[in-house]
Amino acid sequence: MADWTPAMVEDRLEKAADVFRSLPDVKPQGYFNAWPEYFHSFADQIGQEPRMRRPKPGPRDITQAEDALLWLRWLDPADARLLWLRANRKPWKPICWELGISRATANRRWQYGIAVIVWRLNGRQAPSKRSMEFVVAKAAART
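Residues numbered from 1 in each chain as written. Predicted model: local features only at pLDDT ≥ 70, side-chain atom pairs only at ≥ 80, totals over all residues. Heavy atoms only, no water.

As annotated in an unreviewed UniProt entry, the chain is DUF6362 domain-containing protein from Kaistia geumhonensis.

A. Layout of the overall build of the chain. Across its full length, the chain holds seven helices and zero strands. In the chain, the succession of helices and strands from N to C terminus is α-α-α-α-α-α-α. Compactness check: the chain gives a C-alpha radius of gyration of 20 Å against a globular reference of 15 Å for 143 residues, more than 25% above the reference. Here the C-alpha coordinates of the chain stretch approximately 65 × 35 × 35 Å along the principal axes. Here the chain holds 143 residues, and the buried ones make up 29% of them. (Helix = DSSP H or I, 4+ residues; strand = E, 2+ residues; numbered from the N terminus. Rg over C-alpha atoms; globule rule 2.2 N^0.38 Å. Buried < 20%, exposed > 50% of the residue type's maximum accessible area, 1.4 Å probe, protein only.)

And the structure:
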C-alpha cells in the first residue's frame, strides 16, 4: 500500500467504529425470547416508513476494523480514548468534559495521535524528543 496519510487513518478509524457498531450485541449463552414473532398485516403497514437496514459487515471489514483498533495500542491510553471517541463521531464538547481538557488541547492531542499512527504505519518511529507540532507537520507533509 502507498504511504499512509492522516486522512486515510481517520477514515479507517471511523469505518472501524461503524463496523463495531453494526455488529450484533453480545448476549449471554442460552439467551432467547419466548414471545412469538409478531407479523404485521398489510393494513398495519400502510403509512409506515420502511425500515432500512444496513448490510452486515463482511469478514474483510471486520479484519480491517480489528487492525485499526490495534493501532490505538501505540498511543497513550488517554490519547487512544480520545481518538476512539472521535472515531465514533462524538462531539468535541462531551469529549472535553469527559477527559477534563480544553477544546484546543483535545484537538492538538487528536492530531498528534493520528500523526503517531501515520508514522508507525509508514514504518518509522515518531521521535519522542521532538515537539507535537513537529510530528504532526511531518506526518501531514507526506500527503
